[in-house]
Amino acid sequence: MPIDQFDLQTASSECESIAIGADLHFLTKLQATHCEKSPFTTSGQKNFFAVVTESFNFDFLQLKSRIFWNRTMAAIKVLFLATVMALSTDGVFSCMCMTEHPQTNFCNSDYVLRGKIVSRTPIYGGMVPDLPTAIRYEVMPTNVYRATGANVQQGTVVTVTTSGYETTCAVTNMTVDEAYLISAKEISGQVVTTLCAWNSLFSKVTPSQRKMLRLQKYQTECTRIPSCEVRLHCGARDISMCQQFDGCTFRTTDCHVEHSYCTRENTSCRWRSFSKRHASCMSSQSSR
């Protein structure tokens, strides 16, 4: 900046002290002595600028150094905060899934199959070298309960992909040589699953659920028009306090989850089960 553009102030008419506004963060004070006239007269300005010129180069270098240091420290602080936020992401943002009945999960999927895990391959190449961006499972389907596309066929190995990050609901715990019930969607030609889908060791699928899968009870309800909606109970003790809708309600620890499906009979929806386990479960819950 040209020297004549600085904000000049005098402490007295005898130009005993002059301050130069160099930066918002600090002022460099220059003492101008032996002035014959006020620094705001023509000859006074000449004497003043002679004093300023001698020290300006040194002061301007100090100014540049101070600005550079301030900006460097600000950049370091921003980088530090960004690093802390990145490292704490897992604690702040975690996988959140709505509680769904198996029937709803089934109908929301493009593919539902029983299959054996043939291989598990982590895929790397993201910003963090040691963390996989995705995991690919090679699966041999032994039963296909639902297929809206042609990517899954019984007896043909299919690749099922999931995210590599738990915060994005990755399915990371499926083990090679184990049989699973896998629910997935078709996205851009790939079969993709998440932690929010109905994925389970097949040994943990209840006998009632296996029967409803085998007899296509879930599948039939997916295609029924009008279909029955299945919702989590609103939590009120009196069901009349819940919003009314055309469907069935269930609780998280409920016999309907393990043993029932919701179907339309005449004009209303109700729970149905083919298993005596449902009646036994209901009796056990009512006696608690």
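Thresholds, definitions, all that
Residues numbered from 1 in each chain as written. Predicted model: local features only at pLDDT ≥ 70, side-chain atom pairs only at ≥ 80, totals over all residues. Heavy atoms only, no water. Helix = DSSP H or I, 4+ residues; strand = E, 2+ residues; numbered from the N terminus. Buried < 20%, exposed > 50% of the residue type's maximum accessible area, 1.4 Å probe, protein only. Contact = heavy atoms within 4.5 Å. Areas by Shrake-Rupley, 256 points an atom, 1.4 Å probe, with all protein chains shown as cover. Core = buried A, V, L, I, M, F, W, Y, C linked by side-chain atoms within 4.5 Å. Salt bridge = Lys/Arg side-chain N within 4 Å of Asp/Glu carboxyl O. Pairing = 2+ DSSP bridges. Patch = residues over 30% accessible without salt bridge, like charges linked within 9 Å, V, L, I, M, F, W, Y side chains within 5 Å. Disulfide = S-S within 2.5 Å. Arc of directions from axis to C-beta. Polar contact = N/O pair within 3.5 Å; in protein donor to acceptor, adjacent residues only side chain to side chain. Phe/Tyr/Trp six-rings, centres within 6.5 Å; stacked < 30°, edge-to-face > 60°.

An unreviewed UniProt entry annotates the protein as Metalloproteinase inhibitor 3 originating from Holothuria leucospilota.

S.K.: I'd like a description of the overall build of the protein, backed by residues and values.
M.R.: Summing up its helical and strand segments, the protein has seven helices and 13 strands in all. Counting only residues that meet the buried cut, the protein has 31% of its 288 residues in that class. Sequence separation of 24 or more characterises 53% of the internal contacts of the protein that already satisfy a separation of 6 or more. Counting every atom, the protein has about 18,300 Å² of accessible surface; 55% of that belongs to carbon and sulfur.

S.K.: Explain the nonpolar core to me, and be specific about the residues and the numbers.
M.R.: Ranked by internal contacts, the top residues of the largest apolar core, which has 15 residues, are Ile-117, Val-139, Met-174, Ile-182 and Val-191. When contributions to this core are tallied by element, the ones reaching two or more residues are strand S4 (111-123), strand S5 (134-147), strand S6 (158-163) and strand S7 (179-187). Once residues lying within four places of it in the same chain are set aside, the contact partners of Val-139 are Leu-113, Gly-115, Lys-116, Ile-117, Val-118, Thr-156, Val-157, Val-158, Val-160 and Ile-182.

S.K.: I'd like a description of the pattern of salt bridges, backed by residues and values.
M.R.: Applying the stated criterion across every chain, the model contains five salt bridges. The residue Glu-229 makes a salt bridge to Arg-231 at a minimum N-O spacing of 2.9 Å. Owing to a relative accessible area of 36%, Glu-229 belongs among the partly exposed residues under this scheme. Residue class for Arg-231 comes out partly exposed when judged on its relative accessible area of 27%. Taking the shortest distance from any N to any O, the salt bridge between Arg-264 and Asp-246 comes out at 2.5 Å. Of the two residues, Arg-264 is situated in strand S12 (residues 261-265) and Asp-246 in the loop between strand S10 (229-232) and strand S11 (247-250); the sequence distance between them amounts to 18 residues.

S.K.: Tell me what's going on with the pairing of S6, and back it up with residues and numbers.
M.R.: As defined by bridge partners, S5 adjoins S6 across six bridges and the pair is classed as antiparallel. If you follow Val-139 over to S6, its bridge partner there is Val-158. Pairing analysis gives two bridges linking S6 to strand S8 (residues 190-192), with the strands arranged parallel. Bridge pairing in S8 links Val-160 to Val-191.

S.K.: How would you sum up a nonpolar patch on the surface? Please name residues and give values.
M.R.: On the surface, Met-127, Val-128 and Leu-131 cluster together into a nonpolar patch covering about 340 Å² of accessible area. Position of Leu-131 among the secondary structure elements: in the loop between S4 and S5. A relative accessible area of 41% places Leu-131 in the partly exposed class.

S.K.: So, the state of the cysteines: which residues are in play, and what are the values?
M.R.: If you walk through the whole model with that rule in mind, you get six disulfides. Across the disulfide from Cys-95 sits Cys-169; the S-S distance is 2.0 Å. Measuring handedness by torsion sign, the sulfur bridge of Cys-95 and Cys-169 sits at about 105° and is right-handed. You can see Cys-95 sitting in the loop between helix H2 (89-92) and helix H3 (102-107) and its partner Cys-169 sitting in the loop between S6 and S7, a full 74 residues away along the chain. Residue class for Cys-169 comes out buried when judged on its relative accessible area of 11%.

S.K.: I'd love a proper account of helix H4 (residues 207-214), names of residues and values included.
M.R.: Burial in H4 covers these residues: Ser-208, Gln-209, Met-212 and Leu-213. Axial view of H4: buried residues confined to an arc of 140°, hence all on one face. Where H4 ends, the next residue or the one after it, Gln-216, has phi of about 65°, a positive value.

S.K.: Kindly report on the environment of Asn-143, identifying the contributing residues and their values.
M.R.: Turning to its location among the elements, Asn-143 is positioned in strand S5. As for Asn-143 and Leu-113, which are separated by 30 residues in sequence, their C-alpha atoms are 5.6 Å apart. Within polar-contact distance, the side chain of Asn-143 engages the side chain of Thr-142 at 3.5 Å.

S.K.: Which residues make up the packing of aromatic side chains, and what values do they have?
M.R.: The relation between two aromatic rings is expressed through the spacing of the ring centres and the mutual angle of the planes. Across all of its chains, the model carries two aromatic pairs by this definition. Relative to Tyr-218, the ring of Phe-106 lies with its centre 5.6 Å away and its plane at 40°, an arrangement referred to as tilted. With Phe-106 in helix H3 and Tyr-218 in helix H5 (residues 217-223), this pair connects stretches of sequence that are 112 residues apart. Grouping residues by exposure puts Phe-106 and Tyr-218 together as buried. Ring geometry for Trp-198 versus Tyr-218: centroids 5.8 Å apart, planes at 80°, classification edge-to-face. Of this pair, Trp-198 sits in the loop between S8 and strand S9 (200-201) while Tyr-218 sits in helix H5, and the two are 20 residues apart along the sequence.

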